Amino acid sequence: MIHARKLSRTFTRKRGKERVEAVRGLDLDVEAGTLLAFLGPNGAGKSTTLRMLTTLLPPTSGSATVAGGDIAGDPSAVRRRIGYVSQKNAASDHHRVRDELVAQGKAYGMTRARAKERADELLDRLELRELADRTPTTLSGGQRRRVDIALGLVHAPELLFLDEPSTGLDPHSRAEVWEFILRLREESGMTLFLTTHYLEEADTMAERVVIVDRGRTIADGTADELKAELAGDRIDLGLRDTSDAARANGVAARFASAPADPSPTPSGTADPTVRIPVPNADSALPEVLAAMEGAGVKVATARGVRPTLDDVFLALTGRSLTEEEPTE
Amino acid sequence: MTVRTASLPPAPVPARSPAASFSRDVATVFTREITPSVRDPLGLLFTMAQPLLLLFFFGPLLGGVGAGGGGGSWQWFVPGVLVMLTLFGPMMAGYNLLVELLGGAMERMLVSPMNRTAMLIGRTLKEFAVLLVQAVLIVLLAVPMGFELYPLGLLAGLLLLAVFGVGLGSLSFLLAMKSAPSGELFYGVTQLAVFPLMLLSGVLLPMDFGPQWLQTVAMVNPVTHIADAMRALFTGSFTDPSIAWGALSAAAVAAVGLTFGTRAMRKGVGV
């Protein structure tokens with residue numbers, strides 16, 4: 001569905017004095033039917049990549065085929081087959097919701113009658129029927145988002161790009177938007193390409209996570225693969241007696257997939273914690289506990305810790321994904 | 001059951017000739033743009049307030065200073081007001097575009113397969129349709145006050161304004177696109193450009209009264225020539241040389257506007 005090769009985009013600012021390489025030689029292949037989350041800190045090149053793949057911005061170099069069309073050579077073919085829900089509100093403030101949907105249908109070559117029919121289908125589908133004759137200024141954030149998604153779906157695209165679809169929404173609206181996205185996908189088998197900075201969304205919803213940083217892909221796989229390969233599980237043991245710490249570390253070293261971290265006592269608690277990196281916390285926990293018992297270590301608390309995608313990013317770059325970078 | 005049919009893809013689009021799809025795109029954009037005005041026609045009246053005030057409170061003064069010579073002050077002033085409306089209308093067109101650029105509506109249309117030039121023309125045509133309604137109203141109101149109607153001249157004059165308006169509108173769009181995302185450039189330039197263009201065109205008062213340097217500056221202002229051509233046409237003349245100059249000026253503005261406007265749209269907007 002998407003094949004990008006060495007896709008690059010450089011912006012020149014301040015009359016050519018300053019060159020910003022937003023995207024540097026990005027390669028990407030996306031199979032039809034995938035739900036892919038495109039993840040990265042602010043300024044990583046997510047939006048720029050999305051704008052190139054959606055033909056809004058020509059690449060400085062490199063090429064990409066999207067939904068069978070070349071983004072530079074045949075942008076119209078790409079535009080006919082893809083949908084794009086941007087971060088901003090797609091419906092204009094002074095236009096009624098239904099009018100915008102009809103206009104959008106006509107923009108894709110539908111007759112007026114067909115565009116009206118399709119608008120009504122989508123109004124029902126996204127539960128917007130009662131809001132059809134209102135202007136977006138009178139809608140809530142979640143309702144506007146649904147209008148945006150409806151506008152992106154008018155021509156039933158094979159591939160839908162969503163830029164931060166749930167940003168700025170309250171938890172209830174976020175859940176609602178996700179429900180629609182997932183239902184849509186189930187019904188139509190559409191390929192979904194979305195950016196998000198909610199890590200848990202990428203984690204739970206996406207089948208494939210692509211992490212970008214400084215204009216390049218730095219990781220690509222399922223959330224579980226990335227976590228297992230790049231961050232890994234961990235077992236945290238709270239010891240009853242500080243004097244057991246040395247023995248506990250000896251046992252931990254036998255299980256650890258990486259050097260164990262006998263971290264000093266966290267402030268405020270009296271007892272030390274032993275952190276053991278393991279390939280699979282769930283299966284290692286009983287064995288570790290049995291071994292500790294055998295060595296006479298009294299364990300007060302035991303916890304298997306799964307890594308987050310933020311841990312993956314941290315492992316790759318030494319920075320946290322949630323740190324804001326003041327670029328762009 | 002309806003939910004199921006909704007997931008079916010829309011009917012395939014029949015292949016059309018480039019010209020047919022171009023005019024369809026123009027119509028789509030035009031219809032979308034004009035719908036809010038049709039739904040709320042009162043807004044149109046508000047934008048007309050200024051020219052109407054000029055017509056009633058300023059126009060009568062011109063008779064006193066003897067402007068317009070033999071044609072009567074209305075024959076001179078009404079075309080001027082229409083040119084003024086054409087200056088302000090497209091400025092608003094750019095403003096509307098800027099708002100949609102800063103929001104997401106423009107981007108949404110730019111990812112659609114619609115022709116870029118058609119998008120510009122559709123938008124300016126909407127401004128022209130509004131102008132047309134306003135022009136008819138103004139002419140109708142001026143007739144009882146002594147404005148003499150030359151239907152053919154009026155038609156030709158409106159056509160001239162249409163060409164000029166499309167060009168100005170495109171330039172205004174170009175400016176709006178260059179101004180994104182802050183928009184400051186747009187506000188600055190429109191404030192700095194539109195007023196001098198109007199003052200230096202003799203729209204409100206004849207330039208003949210001004211000093212030589214002012215008249216010279218007015219001569220390089222395309223709006224002057226368009227206003228002169230309009231005045232000739234509004235007295236029923238089709239042979240006055242000012243008409244050719246006016247037509248040339250309008251065509252030049254349209255050519256420059258459309259060329260650069262479309263180029264800017266192709267290059268990518270915003271960020």
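Our structure's up above, just so we're on the same page.
Counting restarts for each chain: residues are numbered from 1 in the order of the written sequence. Here chains are named by letter from A upward and ligands by number from 1 upward, in the order in which they appear as written. Residues qualify for local features only when their pLDDT is at least 70, as the model is predicted, and side-chain atom pairs are given and counted only at 80 or more; totals for whole chains, interfaces and linings, by contrast, use all residues. The side-chain values count all of the structure's non-hydrogen atoms but skip hydrogen atoms and water molecules.

### Remarks on the pairing of strand β6 (residues 82–85) of chain A
All names here are of chain A. Both faces of β6 are covered, namely the face carrying I82 and Y84 and the face carrying G83 and V85. At least two bridges found by DSSP between two strands is the condition for calling them paired. Numbering of helices and strands starts at the N terminus; helices are DSSP runs of H or I of at least 4 residues and strands are runs of E of at least 2. Relative to strand β7 (residues 159–163), β6 is paired through four bridges, and the arrangement is parallel. Following the sheet pairing, V85 is matched in β7 by L162. Buried residues are those whose accessible area, probed at 1.4 Å on protein chains only, stays under 20% of the maximum for their type, while exposed residues exceed 50% and partly exposed ones sit between those limits.

### Side note on the packing of aromatic side chains
Stacked, edge-to-face and tilted are the three classes for Phe, Tyr and Trp ring pairs, Trp counted by its six-membered ring, which pair at centre distances within 6.5 Å; planes under 30 degrees apart are stacked, over 60 edge-to-face, the rest tilted. Summed over all chains, the structure comprises six aromatic pairs over all chains. With centroids separated by 5.1 Å and ring planes inclined at 45°, the aromatic side chains of F38 of chain A and F193 of chain A adopt a geometry described as tilted. In this pair, F38 of chain A is assigned in strand β3 (residues 35–39) and F193 of chain A in strand β8 (residues 191–195), connecting sequence segments 155 residues apart. Taking the relative accessible area as the measure of exposure, F38 of chain A reaches 0% and is therefore buried. When the centroid spacing of 5.2 Å and the interplanar angle of 55° are considered together, the rings of F161 of chain A and F193 of chain A count as tilted. In this pair, F161 of chain A sits in strand β7 while F193 of chain A sits in strand β8, placing the two residues 32 residues apart along the sequence. For F161 of chain A, a relative accessible area of 0% puts it in the buried group. Since its relative accessible area comes to 0%, F193 of chain A is described here as buried. Put simply, the rings of F38, F161 and F193 of chain A pair up and form one aromatic cluster. Across from the ring centre of W76 of chain B, 3.7 Å away, lies the NZ or CZ of R231 of chain B, which sits over that ring. Put simply, a charge is over a ring when the Lys NZ or the Arg CZ is close to the ring centre, within 6 Å, and near the line of the ring normal, within 35 degrees.

### A word on the packing of helix α7 (residues 151–179) of chain B against helix α8 (residues 184–199) of chain B
All names here are of chain B. Axis definition: a line fitted to C-alpha atoms, limited for helices to the stretch in contact. Angles are taken between N-to-C directions and run from 0 to 180 degrees. Close contact between α7 and α8 brings their axes to 7 Å; oriented N to C, the two are set at 140°. From α7, S172, L175, A176, K178 and S179 reach across to α8, where they touch L185, F186, V189 and T190. Residues are grouped as follows: nonpolar covers Ala, Val, Leu, Ile, Met, Phe, Trp, Tyr, Cys and Pro; charged covers Asp, Glu, Lys and Arg; every other residue, Gly included, is treated as polar. The residue makeup of the contact of α7 with α8, split by class, is five nonpolar, three polar and one charged. Should any heavy atoms of two residues lie within 4.5 Å, those residues are counted as being in contact.

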